[in-house]
Each structure stands twice: as C-alpha cells, then as structure tokens.
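Analysis of the macromolecular model
Chain residues, written in single-letter form:
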Amino acid sequence: MSRAGAGHPAETGVRDDPTMLYVALNDLLQMEAKFRPRLALPKDEQSGEVTIGARDGAAHVLKCLKVWYDLPADVLVSAISLFDRFLTKMKVRPCHIPCITVSCMNIAIDEYAEVNKQARKVTVEELVSVSQSACTAGDVSRMSRVITDKLALLHGSAVTALHWLRLLRRLVASAAQEFGLTRPILAPSSEENLIKLLEIAICDAGCVNARTSELALVIVYHQLEQELLEWSRESPVPDEAYCLYEFAAHLQAHCNMNDASLLTTRNRFRSVLASYETRAAAPQRQRLVWRLSERTFKVLRPTDRLTSLLPTIEEQNFAVDATPTRKRSGSESSESEETSDWPRSPVLPVYCGN
C-alpha cells in the first residue's frame, strides 16, 4: 500500500541555486499531467453518482483527521490527491465514499512514513474509529489495495500541489535576492501560511481540476501581494520588488501556462478564499447538543442509586441546662465555622444503602 520512490527533486536537498531549482522545475513539469485529476461530478445526485458535495465532504473529513492526529500537510494533500484521482479513473457508488476516504488517508500515512523513514503513529483501527466511516479495518485494507492497484502507486511517487508550492516559493525568493531587495520576500517562515491557503483551495471542488503548477503559482503570488502590502505600510516599496511580477510571467512561459487558464485558476482560488473567509467571520450560532443513549448516560452519571428523598433524622430532646456551652474568642467568626466544611452545591445527592 505504499509507494516506491525516494521523493521529488524539489525536496531532495536541492539548495536555492537557480540552476538546480530549474532542473527540479523541469522534472515536475514532466510528471504533472500524469497526476492531474479531471473530475466531472454533478451538483445534484443523479442515478446514484457521487456529487460535488460528497467530494467536498470527504475532503473535510480528511482535514479533520489531519488536525485530530496532528499529521503533516504532506499527508493531507497526498490523501486528497489520491481521492480525486481515484474518482477520476473509477466510477464508485456514494455508499463507498467513507471507506475510500479513510483508505486514501491510510495510504498517505504509509507513504509519508516510508519516505521520511519514520514509524507509523496512527493505526488503521484508529482511523476507522475517529472517522466514523461505518467500515472495518479489513475493509480499509482491502480498499487500500484496490486504490494502489488502480492508480499504479508502486511505480513512482505522485506530484502534488504542495511540491509545486514549495518549489515556486524558493524560485521567487531566490529571484528576490538576485534583485537585491533589502527585505526578505517569501521567507521560509511564510511557508506555513502558504500551506494553509493551499489546504483551503484543495478542500473545495472549485479548484480540483486546476493544474497544480497554476494553483501553486497563484497562491505564491497571492502571498507575495500580502507581503508587499505590509511593506508599503511601513516604508515605500522599491521598484525592484515589482520586477517579481515580470518573473511570474517568465515562470508562466517556462511552464507553458495559458493566460486564460491561469486567469480562471486565479479567479476560482479567490472565490474559494473569499467564501472561506466569509464563513470564518460569521458567528457560530449553532448550539452544541450532546445526544447520549440511556445506557451511556447511566455509565457517566449513575442515577440508579440517586434519590431526592432525605432519610428522617430522629431528634433528641436535650435539657436546656445540659446543652454544652461554647467558648468564643474575638478572633473567631461563627460564619466561618458554620460554612467552612459545608458543601457548596445547592443539591446534595444521597446514596441509599439498599
């Protein structure tokens, strides 16, 4: 269920040497078309077909699993890429989507562990339990083998948008250094924000069929615009910084990107990002409701021995003279004595012996 291959040229220790970066760029270009999904999903369910909403739902399940287990972004991007490519090649039923989703995450975790020479931390049983996919670990293992066979994953590693994103960031940052900019542009610290933008894009079906190189270039220059805007608020931006847009045209020509296709990808990404920011800014008015079965509720709170009837307290009549006297000092307070050990809860549960 794991893929062979030692990795990609963009992640094999290539330094920020322009010559080596362009060699890696050419290698990615040769493999890009092979790993590009071409989905044609309907918006509404038609004769039992998988819809766009089901695809986006599966992508968000993968993202939740990534957040829950604190997995790296490589696993999420690879899992979504597997899911989209499998749906491109195979016609599946909607009832199989949960199992396919967990299986793609299972394969992506295996691949990341093998490439980085690390032990796998998440088991198949844990993925099944947390995802609530209503399938078994055996189902996920069998489906993982089917996906591996249909996508021929044993013959090489896939090229994802994350590989393009990291490589293009390094290319633009290297060009900024050559232009002599005094302020770092697209520094390695900005990669985290770039990955967040990429995750927003790939979880939406609006960007699913875009070329990975075009999507990565659009995201990189979106981040560049934000950094130049912050720079302009502090001091005037030198003219050399705007030469980076000419460098973008150079990258576009080198990667054979069509103007119309690149513009469409940019508009789709901005639309997806605007929709995401609108949802994030909206107040969450949905109330969280926990639905528990009676059996689970009794385990959490054993109410079978809880009663609201207090036992009768038999009073004893003491003579007035026999009442023991209490000595008070000026430093003691009767209020603190009476309430020091008294329960703070207004309702005191009483457990009967029978």
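Residues numbered from 1 in each chain as written. Predicted model: local features only at pLDDT ≥ 70, side-chain atom pairs only at ≥ 80, totals over all residues. Heavy atoms only, no water.

This part takes up the pattern of salt bridges. Oppositely charged side chains are able to pair whenever their charged atoms sit close together. Enumeration over the complete set of coordinates arrives at eleven salt bridges. Between Arg142 and Asp139 there is a salt bridge, and its shortest N-O distance comes to 2.4 Å. Residue Arg142 and its partner Asp139 are both found in helix 6 (residues 137-150); the two are separated by three residues, about one turn of the helix. For Arg142, a relative accessible area of 45% corresponds to the partly exposed category. Ionic pairing is found between Arg169 and Glu191, a salt bridge with its closest N-O pair at 3.5 Å. On the criterion of sequence distance, the pair formed by Arg169 in helix 7 (residues 161-178) and Glu191 in helix 8 (residues 191-202) is long-range, its members being 22 residues apart. Arg169 gets classed as buried once you look at its relative accessible area, which sits at 7%. (Salt bridge = Lys/Arg side-chain N within 4 Å of Asp/Glu carboxyl O. Helix = DSSP H or I, 4+ residues; strand = E, 2+ residues; numbered from the N terminus. Buried < 20%, exposed > 50% of the residue type's maximum accessible area, 1.4 Å probe, protein only.)

What follows deals with the nonpolar core. In terms of nonpolar packing, the biggest core is built from 92 residues, with Met105, Leu165, Leu168, Ile185, Leu198, Tyr221 and Leu244 touching the most fellow members. Ranked by the residues each element gives to this core, the list is headed by helix 7, at eleven residues. Counting the residues that make up this core, at least three belong to each of domain 1 (48-151) and domain 2 (161-280). Apart from residues no more than four positions distant in its own chain, Leu198 is found in contact with Val77, Ala161, Leu162, Leu165, Leu215 and Ile219. (Core = buried A, V, L, I, M, F, W, Y, C linked by side-chain atoms within 4.5 Å. Domains from an automatic or database assignment. Contact = heavy atoms within 4.5 Å.)

The subject of this paragraph is the packing of helix 2 (residues 52-68) against helix 4 (residues 97-115). Two numbers describe how helix 2 lies on helix 4: the axes approach to 10 Å, and their chain directions differ by 40°. When the interaxial angle is binned, helix 2 and helix 4 end up oblique. You can see that helix 2 and helix 4 cross each other, and the crossing is right-handed. Packed against helix 2, whose contacting residues are Ala54, Ala58, Val61, Leu62, Leu65 and Lys66, the element helix 4 presents Ile97, Thr101 and Met105 at the interface. (Axes fitted to C-alpha atoms, helices over the stretch in contact; angles between N-to-C directions. Parallel < 35°, antiparallel > 145°, perpendicular 65-115°, else oblique. Left-handed = near helix turned anticlockwise from the far one by under 90°.)

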